[in-house]
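Architecture at a glance
Here is what each chain is made of, one letter per residue.
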Amino acid sequence: MPNHDVGHPELSDEERSRYARHLALPEVGLEGQLRLKRASVLCVGSGGLGSPLLLYLAAAGVGRIGIVDFDRVEASNLQRQVIHGSASIGHSKTRSAAARVRDLNPHVQVEEHDIMLCADNALDIVRAYDLVCDGTDNFPSRYLVNDACALLGKPCIYGSVQGFSGQVSVFNRTVESPNYRDLVPEPPPPGLVPSCAAGGVVGVMPGLIGLIQATEVIKLITGIGDPLDGRLLLVDGLAMRFRELRLAPAPSRQPITGLIDYQAFCGTTGVAFAQEEQVESISVQELKALLDSGADLLLIDVRNQAEVEVAAIPGAELFPLATIESGEAFGAIRERAGDRPIYVHCKLGGRSAKAVTALSQQGIVAINVDGGIDAWSQQIDPAVPRY
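This text gives an overview of the structure that appears in the document. In this convention, every chain numbers its residues from 1, walking through the sequence in written order. Confidence filtering applies because this is a predicted model: local features only for residues at pLDDT of at least 70, side-chain atom pairs given and counted only at 80 or more, and all residues used for totals across whole chains, interfaces and linings. For side-chain calculations, the full set of non-hydrogen atoms in the structure is used, while hydrogens and water are omitted.

We count a stretch as a helix when DSSP gives it H or I for four or more residues in a row; a strand needs E for two or more, and each element gets its number in order from the N terminus. Tallying secondary structure elements over the protein gives 18 helices and 13 strands in all. In terms of its C-alpha atoms, the protein occupies a principal-axis envelope of roughly 80 × 50 × 40 Å. For the protein, the residues scored as buried account for 47% of the 387 residues in total. What makes two residues a contact is simply this: any of their non-hydrogen atoms within 4.5 Å. If you take every contact in the protein between residues at least 6 apart in sequence, the share linking residues at least 24 apart comes to 68%. Using a 1.4 Å probe on the protein chains alone, a residue whose accessible area is under 20% of its type maximum counts as buried, one over 50% counts as exposed, and one in between counts as partly exposed.

Right, dumping it as structure tokens:
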């Protein structure tokens, strides 16, 4: 690992006291702690994965930490994004995280990048750091981070979480190392993998995966242990089982020669607009007017039972999307609807749009509720909890 001096290369008395447990470890010792102090790490994202990453890298004494995030703190983040507090709701995630890092360890130099990482700025930002931690939660960003690291020869510590499971690996450690494109050669179709907002995530899983990422960072910087280079660690939080897969560069992998339009590559450009064009939709205000008028209609909720127990629109009948896509629910929906018009909602509008499309293919006409129950909570009935 490169050793770029950050401030004075030696440890002060206060630092020696702070890092005493590291100094006592033969594997780390004074030389390892100095390597940490001289190192620079970029964390892309300060959310679920970025929270433990930033906290433990700062506590470990990494000399310079960069934070890239353009988002703002929301109440629903706090279940897993533990670097932020209630007082930070509505504020910049980058600024909130940077303030917590500075409070945790004033010896750490924090650099804030309160912008969206994109093809136009990624190389300039990544170039200034020794290695990069991927704390993103979408495919375009993961490919972007990976490709920028590959072009610049920067190790990338990858992590991802969904539900009760997660995975970690180290990419681009050397020119012979695998990278994210060896794990996911082609992005999955848009909407196939649900986001945390749609699919949910247990709050502790990003903490567990982020801590493993932080461990890999410390190993790489200090030159100790066996990093997850060429290995993909799979974590099943429900069974509490760890599994490991070998990962090697694909012989057919095309060389990365430059950054591209990653939204277009992943097929996410204009997805929301495409859905609106393909399915007929109404707003939550229009749905409320219909319900208030006493209109005879069938309102279908395509979320999961666990979500319904958190929040529901009165009168909606549950037909989870999986039962519609499998065809299991078609008969029951026809029977319940009769000649009544059908309206379909989910949490945000994506799953309900898929359900409307699936129903139309069976000759069942339905209308999507744009924005789902989240829009209902914000615009119609604040008593309905947001999640």
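So, next bit.
Here we take up helix H7 (residues 139-152). An expected span of 1.5 Å times one less than the residue number is assigned to each helix. In this model, H7 (14 residues) spans 20 Å end to end at C-alpha, consistent with the 20 Å of a helix rising 1.5 Å per residue. In terms of residue burial, H7 counts as a mostly covered element, since 10 of its 14 residues are buried. If you check which residues of H7 are buried, you get Phe139, Pro140, Arg142, Tyr143, Leu144, Val145, Asn146, Asp147, Ala148 and Cys149. Two N or O atoms count as a polar contact when they lie within 3.5 Å, although within protein this holds only if one can serve as hydrogen donor and the other as acceptor, and sequence-adjacent residues are included solely when both atoms are side-chain atoms. N-cap assignment for H7: the residue whose side-chain oxygen lies 2.9 Å from the backbone N of serine 141 is asparagine 138.

Here the focus is unusual backbone geometry. Phi is mostly negative for residues that are not glycine, and the peptide bonds are mostly trans. The backbone of asparagine 172 shows a phi angle near 60°, a positive value even though the residue is not glycine. Mapped onto the secondary structure, asparagine 172 falls in the loop between strand E6 (165-171) and helix H8 (180-183). Residues other than glycine seldom take positive phi values, yet methionine 240 does so here, at roughly 50°. With respect to the helices, strands and loops of the structure, methionine 240 is situated in the loop between strand E7 (231-236) and strand E8 (241-246).

Below, the discussion takes up the packing of aromatic side chains. Here a Phe, Tyr or Trp ring, Trp counted by its six-membered ring, pairs with any other such ring whose centre lies within 6.5 Å, and the pair is stacked when the planes are under 30 degrees apart, edge-to-face when over 60, and tilted otherwise. All chains considered together, the criterion is met by five aromatic pairs. One aromatic cluster is present, built from ring pairs that chain together Tyr143, Tyr158, Phe171, Tyr180 and Phe265. A cation over an aromatic ring shows up here: arginine 142 above the ring of phenylalanine 139, its NZ or CZ 5.4 Å from the ring centre. Working rule: Lys NZ or Arg CZ, within 6 Å of ring centre, within 35 degrees of ring normal, means a charge sits over the ring.

So, about the sheet that holds strand E13 (residues 367-369). Strand pairing is assigned whenever DSSP identifies at least 2 bridges connecting the two strands. One open sheet accounts for five strands, arranged E9-E13-E12-E10-E11; its pairing is parallel. Edge positions in the sheet fall to strand E9 (281-282) and strand E11 (317-318), since each has one partner strand and no second. With two bridges joining them, E9 and E13 adopt parallel strand pairing. The residue bridging serine 281 from the neighbouring strand is asparagine 368, located in E13. In this analysis, axes come from line fits to C-alpha atoms, helices being fitted only over the stretch in contact, and the angle between any two N-to-C directions falls in the range 0 to 180 degrees. Sheet strands touched by helix H16 (residues 330-337): strand E10 (298-301), E11 and strand E12 (342-345). Its angle to E10, the strand with the most contacts, is close to 150°.

What follows concerns the nonpolar core. By nonpolar core we mean a set of buried residues, namely Ala, Val, Leu, Ile, Met, Phe, Trp, Tyr and Cys, connected to one another through side-chain atoms within 4.5 Å. Counting 38 residues, the largest nonpolar core has Val41, Leu54, Leu57, Ile65, Cys133, Val217 and Ile221 as the members making the most contacts within it. If one sorts the elements of this core by residue count, helix H10 (residues 204-222) sits on top with eight residues. The next biggest cluster of nonpolar side chains, apart from the first, holds 25 residues, and it includes Tyr129, Ala148, Cys149 and Val184.

Now for the sheet that holds strand E2 (residues 64-68). As a general point, the strands of a sheet are linked pairwise by backbone hydrogen bonds and lie either parallel or antiparallel. Pairing is mixed in the open sheet, where eight strands are placed in the order E3-E2-E1-E4-E5-E6-E7-E8. Of all the strands in the sheet, just strand E3 (109-113) and E8 have a single pairing partner and so form its edges. Looking at each pair of strands side by side, their axes are set apart by 15° on average, direction ignored. The pairing of E7 with E8 spans six bridges and is antiparallel.

Now for helix H4 (residues 50-60). Counting buried positions along H4 yields nine of 11 residues, so the element is predominantly enclosed. Of all the residues in H4, the buried ones are Gly50, Ser51, Pro52, Leu53, Leu54, Leu55, Leu57, Ala58 and Ala60. Glycine 61 sits one or two residues past H4 and shows a positive phi near 95°.

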